[in-house]
Amino acid sequence: MNTPTSVTIDLTGLGELVSELVARGYEVYGPQVHNGVITPDLLRSVEDLPVGWTDEQEGGRYRLVRRNDGARFGYAVGPQSWKEVLHPARTKVWSMTRDSAGELKVTMTEPDRPLRAFVGVRPCELAAIAKQDRVLMHGPHPDPVYTANRENTFVVVVNCGEPAATCFCPSMGTGPKAGPGYDLALTELVDGSEVRYIAEPGSDLGAAVLRGVPSAVTSDAERERGRQVIADAVDRITRQIDTTGIRDLLFGNLESPRWDQIAERCLTCGNCTLACPTCFCTNMEDVTDLSGDHTDRWRTWDSCFSLEFSHMGPGPHRASVKSRYRQWLTHKLGSWIDQFDESGCVGCGRCITWCPVGIDLTHELSEFRAAPGPKRELEGQPT
Amino acid sequence: MTATEVTTEVKPSTKVGNPTLAVWKFASCDGCQLSLLDCEDDLLAVAGRLDIAYFPEASSGMMAGPYDVSLVEGSITTPGDLKRIKEIREQSGLLITIGACATSGGIQALRNGADVSEFIGIVYAHPEFISTLDTSTPIADHVTVDFELRGCPIDRGQLVETIAAHLAGRPPRIPTTSVCVQCKARGTPCIMVSQGTPCLGPVTQGGCNALCPTYNRGCYGCFGPMESPNTAALAQQFTHLGLTDSEIARTFRSYSGWAQAFREEADKHEIPQGTNQ
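Given the structure is predicted, the values throughout are model-derived calculations rather than measurements.

**Some words on a negative patch on the surface**
- A cluster of acidic residues, D289 of chain A together with E40, D41 and D42 of chain B, forms a negative patch at the surface.
- Topologically, D42 of chain B is positioned in helix α2 (residues 41–49).
- Relative accessible area serves as the criterion here: at 37%, D42 of chain B is assigned to the partly exposed category.

**Considerations on the interface of chain A and chain B**
- Counting residues at the interface gives 52 residues for chain A, matched by 47 residues for chain B.
- Taken together, the two surfaces of chain A and chain B that pack against each other cover about 3,900 Å², and 56% of this comes from carbon and sulfur.
- The interface formed by chain A and chain B holds one salt bridge in total.
- Between E285 of chain A and R173 of chain B there is a salt bridge, with its nearest N and O atoms 2.8 Å apart.
- Inspection of the region where chain A meets chain B yields 16 residue pairs in polar contact (both at pLDDT 80 or more).
- For the side of chain A that touches chain B, the secondary-structure elements that each account for two or more residues are β5 (61–66), β7 (104–110), α9 (258–265), α10 (271–275) and β13 (282–288) of chain A.

**A closer look at the domain arrangement of chain B**
Residue and element names in this part refer to chain B.
- According to the domain assignment, chain B consists of domain 1 (20–168) and domain 2 (179–269).
- The straight-line distance from the C-alpha centre of domain 1 to that of domain 2 is 25 Å.
- Residue-level contacts link 16 residues of domain 1 with 13 residues of domain 2.
- Taken together, the two surfaces of domain 1 and domain 2 that pack against each other cover about 1,100 Å², and 59% of this comes from carbon and sulfur.
- If you look at where domain 1 meets domain 2, you find zero salt bridges.
- Inspection of the domain 1/domain 2 interface yields three residue pairs in polar contact (both at pLDDT 80 or more).

**Concerning the pattern of salt bridges**
Residue and element names in this part refer to chain B.
- One pass over the structure, following the stated rule, counts 38 salt bridges over all chains.
- D146 serves as the salt-bridge partner of R89, at 3.2 Å between the closest nitrogen and oxygen. Here the residue R89 occupies a position in helix α3 (residues 79–91), and D146 occupies one in the loop between α5 (116–123) and β6 (147–149), the gap between them amounting to 57 residues.
- With relative accessibility at 17%, the residue R89 sits in the buried group.

**Regarding the sheet that holds strand β8 (residues 116–121) of chain A**
All names here are of chain A.
- Reading across from one edge, β3-β2-β8-β9-β10-β11-β1-β12 is the order of the eight strands in this open sheet, with mixed pairing throughout. Either end of the sheet is taken by a strand with one partner, and the two such strands are β3 (37–42) and β12 (216–217).
- Relative to β12, strand β1 (residues 7–10) runs antiparallel, the two being bridged by two bridges. Residue pairing for β12: V7 is matched across the bridge by V217.
- Its contacts with the sheet place helix α1 (residues 11–23) against β1, β2 (27–34), β8, β9 (153–158), β10 (184–191) and β11 (194–201), and it is angled at close to 95 degrees to β1.
- Packed onto the sheet, helix α6 (residues 204–211) meets β1, β9, β10 and β11 and runs at close to 140 degrees relative to β11.

**A look at the environment of G245 of chain A**
Residue and element names in this part refer to chain A.
- Looking at where G245 falls in the secondary structure, it is placed in the loop between α7 (220–236) and α8 (246–251).
- Residue classification places G245 among the partly exposed residues on the basis of a relative accessible area of 43%.
- With 89 residues separating them in the primary sequence, G245 and G334 have C-alpha atoms 9.2 Å apart.

**Concerning unusual backbone geometry**
- Omega for the peptide link from G175 of chain A to P176 of chain A comes to 5 degrees, which places this bond in the cis form.
- Among the structural elements, P176 of chain A can be located in the loop between α5 (169–172) and β10.
- G65 of chain B connects to P66 of chain B through a cis peptide bond whose omega is 0 degrees.
- With respect to the helices, strands and loops of the structure, P66 of chain B is situated in the loop between β3 (51–54) and β4 (67–73).
- Even without a glycine there, the phi angle at N35 of chain A is positive, about 50 degrees.
- Along the polypeptide, N35 of chain A turns up in the loop between β2 and β3.
- What makes N35 of chain A exposed here is its relative accessible area of 55%.
- Although it is not a glycine, A210 of chain B adopts a positive phi angle of roughly 55 degrees.
- Here A210 of chain B lies in the loop between α8 (191–195) and α9 (211–214).
- Given the relative accessible area of 0%, A210 of chain B is considered buried.

**Quick word on helix α10 (residues 231–240) of chain B**
- Looking at α10 of chain B, one finds that the buried residues are T231, A233, L234, A235, Q237 and F238 of chain B.
- Elements that come into contact with the buried residues of α10 of chain B comprise α9 of chain A together with α8, α11 (245–252) and α12 (260–269) of chain B.
- A positive backbone phi angle near 105 degrees is found at G242 of chain B, which sits one or two residues after α10 of chain B.

**Looking at the nonpolar core**
- Counting residues in each nonpolar core, the largest one holds 85 residues, and the members touching the most others are L21, Y325, W328, L329 and L333 of chain A together with F252 of chain B.
- Of all hydrophobic cores here, the second largest spans 22 residues; its members include V23, I98, I163 and I174 of chain B.

Definitions and cut-offs
Residues numbered from 1 in each chain as written. Chains lettered and ligands numbered in written order. Predicted model: local features only at pLDDT ≥ 70, side-chain atom pairs only at ≥ 80, totals over all residues. Heavy atoms only, no water. Patch = residues over 30% accessible without salt bridge, like charges linked within 9 Å, V, L, I, M, F, W, Y side chains within 5 Å. Areas by Shrake-Rupley, 256 points an atom, 1.4 Å probe, with all protein chains shown as cover. Salt bridge = Lys/Arg side-chain N within 4 Å of Asp/Glu carboxyl O. Lys, Arg positive; Asp, Glu negative; His and termini not counted. Charge placed at Lys NZ, Arg CZ, Asp CG, Glu CD. Helix = DSSP H or I, 4+ residues; strand = E, 2+ residues; numbered from the N terminus. Buried < 20%, exposed > 50% of the residue type's maximum accessible area, 1.4 Å probe, protein only. Contact = heavy atoms within 4.5 Å. Buried area = accessible area lost by both parts, 1.4 Å probe. Polar contact = N/O pair within 3.5 Å; in protein donor to acceptor, adjacent residues only side chain to side chain. Domains from an automatic or database assignment. Pairing = 2+ DSSP bridges. Axes fitted to C-alpha atoms, helices over the stretch in contact; angles between N-to-C directions. Core = buried A, V, L, I, M, F, W, Y, C linked by side-chain atoms within 4.5 Å.

Structure follows, in structure tokens:
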């Protein structure tokens, strides 16, 4: 594509952008206030966006709070990510029926290939989608459900101007300004109730969509405001991870007593993995009915915090709490690098906020960094 | 969704006489038996695969034992119960307990450790007619139980799954993970994190499809402790949320309060139950 050219759109333009996407056949999803949180859902109009809302987050705590302006994207991230749409919690893989002659008939589920537009994706979430793309779509065995859901998505990312206290995206290199992979990137400029967006296309399709929206040339002053929004966000992000040699830091501390201290607090409830936008593990369930002539195979989200997850012949090989937390953290930040040449963490902070007891991986990592435990040579995988 | 079809040949199954089913009641509210009656279309399917031989709640026609499958509701609270459960065990091939009363003693286990004779004196006009034990205990404390189905009441989907699994000769697919797993799967935001509502979900086995949190109520622990309940960590979080020790004890001492993990946590936060306070 040609060099991206940014334009400025106002609130009418934002509405027109959604209309343009609808006219092109997209189901448009965007953040909305539901049940006391901001979460992505089908967007009927831009009026559904969380106008004048923000979120306050800390370990184990999330609250919606009113803003004194008209910002539509003046918050960080909620409990649910785009994973819920792209990699659903429960999907039927196939059904099998035995007819009266005793013949088995298998009906495979052929996923729809919907045209979906995601408006309001955060830069960290864009990075998370890219990580799931790599695992679920670009590997040797692409996942049919994910691929079908993902291949026709149109992504409108909104650069982050309102990070939460649990955010640490700069440490992971995923924000608060979006990297590549979007169709359109917006930066929200808020002046009381007046709101404008600097819009930059990231794909030919994005540029084409933008041409259907009334816009003005972005002024130098607006461009500078946009840069300032990002710079201010960076300044306000307080949590961080030092990722230098992080894999070796974790794998050199597999027997650290720190894991026992974490295990005293960890509920093994699985919330961190389920809220994580990159955790992808699934289980298969076969469900037979009472007749014995019908069975369905379902694919469901799974979590490395469940005992069944590591259940082999003699039983779960990660029975202790510490072994389960260690598995999660060392995979997310360590062995993910071995598998996929990048970290599995995007710094969105969901695992901190949505842990019911507020276990904070940034704090735990700094503890490992500050007081490395006894090292041991690696022999195969940690247990 | 569209579908493609693949056909594979297999031999037809041969069906011999249906196994018999009996449903028994001990100290309970009957809610779990009602869950079976509430299975609607699935109940017809159950009746098609099992001969319902003894189910007084549903039919006055009662066949003599032995029975291939017994579903047992309720807890053991009287000397008569002690005798009857042993007879039922002897007459039953597979014995499956259903519900919080049968699997952990139920809400009536609040009597355990208290002065039961004092209760009787207050409640009954003629206490001398009452013959009861000092405790309410789960069925598995007295006889061998083949499978325990949790809940207050049980989930009818789990009941049908358990019966279907036993008919098919496979293990029942009953998750032992937390209620949180079901909240996240159905998109219910955590009410403890987003509203500060104390919730037993993180230490409770899922099965209800996160019913209470979805309606903005903290989990009451109906399905009992999950596979690895860290009750101490959750209790500490309850303290941060402003609960007193007494409130924490009462939160754990509910429908599954006599289940070991919940009972021990409750005991840590309050003087032994039954003591006046």
